[in-house]
Amino acid sequence: GGHIRGDTFVFSDGLDSEPGKLKLADAPTGRFLEASPNWKRENVVSVLANKRVWRTCANLILAPAYNLADFLIVPTKYQRAQLLPQWRRKSALIFDGLDLNKPRHLLLADGKKRQAEMKLGGVDDDAQPPLEKKLFISYISRNLEPYRGFHMFMYVLEKLLPKYPTLTVDVIGGTDGGYTSKPAKATSWKSLMLSQSRLDERIWQRVNFHNRTYQHRLWDIASTSHIHLYWTVPFVTSWSLFESMGVGAMVVASDTPPIREMITDGENGYLVPFGDVAAWVAKLSTILDAHLENNTELLSTYERMRTRAIATVAELDYHTSIKKHLCLLEHAVNATAERRATNAALLQTRRMPHDIAHEVAIEKRKQTEAVLEKMRAADAAARAGTTGTADDATGAADVAATATAAGVDAAAV
């Protein structure tokens, strides 16, 4: 079995006593969106309107496959927690794997060159500030949509842009609906938010909307921004967050469950309540002021946090991920061979089919748990610095030696 989306197994957003009325208070996504200031209920309903049908269809397709699978592979603890207990027991936590193949010093060089050449939007040529006075913020999402907090991002910008006249913002993302439906009264969430803004159009010229772009350009922008912003409701974490951390971005993200798995507040980034505009503005202002004032103490703290973010994501490299996948496949093949022998022995007893099926199911579960326990033991041996036992010759020891580097929680494998 493969990876699942963050809310695949939430079987319903919940229905009120009135047919067809969404009970948003019981839906995690709806609760986060409704907490947003100035966010009309009609917008929340527009976001969630098709989610119940989508989830039902997805569950109908996926549930039989998960029941039949010997093992399930999930990339994050948050996604694993969404599985039903009987599926969670046979799941292995193995991240997809990242390949950040452009050295950071090259990213920084390219990014700084781009910033030096960039003119501040809405400002005359003779009034352009020097590079050391320019401030840069980035926001990246496959699509600019409420699931990724785009509306919150725009609310925060309305407060920051007038406060910091040398601030330039780079926004990367498409204008398709994405995981959410398009708004009822606009062609995209971007056009809706811009139409609701009270800021002068000249101020918005300092916000560069890039649509989708090449991966290395994304890295250049994130690595050299003074702050990289990220929001998500309780859902799958974006690749852009992992990659932005991997290139050393100073990340400020929403304090939601999937993000807490990656970011520890004050250690490798900052976490801020999803819908608290004032808290976001206060946190971002502190960081921007430190750069303007050249506060060496705070800037040193931020650089250490960037370094820790790189180290966090370095544990998720794709080389280690491939080794762990191969190890699990080898175990699965061995377990299948053993189970076939057990099944053949049971059939020779000529008992009733349903009795045999029950015993086969029990044996299958035991073998699955034994494989996962073997992987946990190999991880523990690697952490203890031991060389492993003869039982690890199937490849578990090689994988366990890099378990920590892959970010796999041995207790949750």
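All values derive from a computational prediction rather than experimental measurement.

Q: Residue-level account of the nonpolar core, with values.
A: In terms of nonpolar packing, the biggest core is built from 44 residues, with Phe153, Leu160, Val169, Leu229, Trp231 and Val252 touching the most fellow members. Sorting elements by how many residues they give to this core places helix H7 (residues 150-163) first, with 9 residues. Core analysis: the next-biggest nonpolar cluster, separate from the first, contains 23 residues, Phe95, Leu98, Ile221 and Val251 among them.

Q: Can you tell me about the sheet that holds strand S8 (residues 270-272), naming the residues and giving the values?
A: Reading across the sheet, the 6 strands line up as S5-S4-S3-S6-S7-S8 and stay open at both edges, with parallel pairing between neighbours. Edge strands, defined here as strands with exactly one partner in the open sheet, are strand S5 (207-209) and S8. Taking the axes of each pair of neighbouring strands and ignoring which way they run, one obtains an average angle of 20° across the sheet. Pairing analysis gives 3 bridges linking strand S3 (residues 135-143) to strand S6 (residues 227-230), with the strands arranged parallel. Of the residues in S6, the one forming a bridge with Tyr139 is Leu229.

Q: How would you explain H7 if you had to name every residue and give the values?
A: Residues that lie three or four places apart on an α-helix share one face, since the helix turns once every 3.6 residues. Compared with an ideal rise of 1.5 Å per residue, which puts 14 residues at 20 Å, H7 spans 20 Å between its outermost C-alpha atoms and is within 8% of the ideal. The largest bend in H7 amounts to roughly 30° and is located at Leu157. Burial analysis of H7 places 10 of its 14 residues in the buried class, the great majority of the element. The complete set of buried residues in H7 reads Phe150, His151, Met152, Phe153, Met154, Tyr155, Val156, Leu157, Leu160 and Leu161.

Q: Describe helix H10 (residues 215-224), listing the residues and the values that go with them.
A: Within H10, 7 of the 10 residues are buried, which leaves the element mostly enclosed by the surrounding structure. Here H10 has its buried residues at Leu218, Trp219, Asp220, Ile221, Ala222, Ser223 and Thr224.

Q: Help me get a handle on the packing of aromatic side chains, residues and values and all.
A: Aromatic rings considered in pairs are described by the distance between their centres and by the relative angle of their planes. Scanning the entire structure with this criterion turns up 11 aromatic pairs. Relative to Phe150, the ring of Tyr139 lies with its centre 6.1 Å away and its plane at 50°, an arrangement referred to as tilted. Residue Tyr139 is found in strand S3, and its partner Phe150 is found in helix H7; the two are separated by 11 residues along the sequence. Judged on exposure class, the residue Tyr139 and its partner Phe150 are both buried. Look at Trp231 and Trp280: their rings are 3.9 Å apart centre to centre, the planes differ by 25°, and that puts the pair in the stacked class. One end of the pair, Trp231, is in the loop between S6 and helix H11 (239-246); the other, Trp280, is in helix H13 (residues 277-292), and 49 residues separate them in sequence. The same class applies to Trp231 as to Trp280, namely buried. Directly above the ring of Phe209 sits Lys190, whose terminal nitrogen or CZ lies 4.3 Å from the centroid. Of note, Lys283 hangs over the ring of Tyr270, and the distance from its end group to the ring centre comes to 4.0 Å.

Q: Can you break down the packing of H7 against helix H8 (residues 189-196) residue by residue, with the values?
A: Contact geometry for H7 and H8: axes closest at 10 Å, N-to-C directions at 30°. Taken together, the axes of H7 and H8 are roughly parallel relative to one another. Here the hand of the crossing between H7 and H8 comes out right-handed. Across the interface between the two elements, Phe150, His151, Met154, Tyr155 and Glu158 from H7 touch Trp189, Lys190, Met193, Leu194 and Gln196 from H8. When grouped by side-chain class, the residues that make up the contact of H7 with H8 number 6 nonpolar, 2 polar and 2 charged.

Q: With reference to specific residues and values, describe the pattern of salt bridges.
A: Using the criterion set out here, one finds 3 salt bridges in the structure. Among the ionic pairs, Arg260 bridges to Asp255, the shortest N-O distance being 2.7 Å. For Arg260, a relative accessible area of 44% translates into the label partly exposed. What makes Asp255 partly exposed here is its relative accessible area of 27%. Taking the shortest distance from any N to any O, the salt bridge between Glu267 and Arg308 comes out at 4.0 Å. Of this pair, Glu267 sits in the loop between helix H12 (257-260) and S8 while Arg308 sits in helix H14 (residues 296-314), and the two are 41 residues apart along the sequence. The exposure class assigned to Arg308 is partly exposed, which follows from its relative accessible area of 35%.

Q: Go over the environment of Asp96 with me, naming the residues and quoting the values.
A: When you line up the elements, Asp96 lands in the loop between strand S2 (91-93) and helix H6 (104-117). Relative accessible area serves as the criterion here: at 30%, Asp96 is assigned to the partly exposed category. Distance from Asp96 to Ile322, taken between C-alpha atoms, is 8.4 Å for residues 226 residues apart in sequence.

So, how was this worked out
Residues numbered from 1 in each chain as written. Predicted model: local features only at pLDDT ≥ 70, side-chain atom pairs only at ≥ 80, totals over all residues. Heavy atoms only, no water. Core = buried A, V, L, I, M, F, W, Y, C linked by side-chain atoms within 4.5 Å. Buried < 20%, exposed > 50% of the residue type's maximum accessible area, 1.4 Å probe, protein only. Helix = DSSP H or I, 4+ residues; strand = E, 2+ residues; numbered from the N terminus. Pairing = 2+ DSSP bridges. Axes fitted to C-alpha atoms, helices over the stretch in contact; angles between N-to-C directions. Expected span 1.5 Å × (residues − 1). Bend = angle between axes of the 7 residues up to and from the residue. Phe/Tyr/Trp six-rings, centres within 6.5 Å; stacked < 30°, edge-to-face > 60°. Lys NZ or Arg CZ within 6 Å of the ring centre and 35° of its normal. Parallel < 35°, antiparallel > 145°, perpendicular 65-115°, else oblique. Left-handed = near helix turned anticlockwise from the far one by under 90°. Contact = heavy atoms within 4.5 Å. Nonpolar A, V, L, I, M, F, W, Y, C, P; charged D, E, K, R; others polar. Salt bridge = Lys/Arg side-chain N within 4 Å of Asp/Glu carboxyl O.

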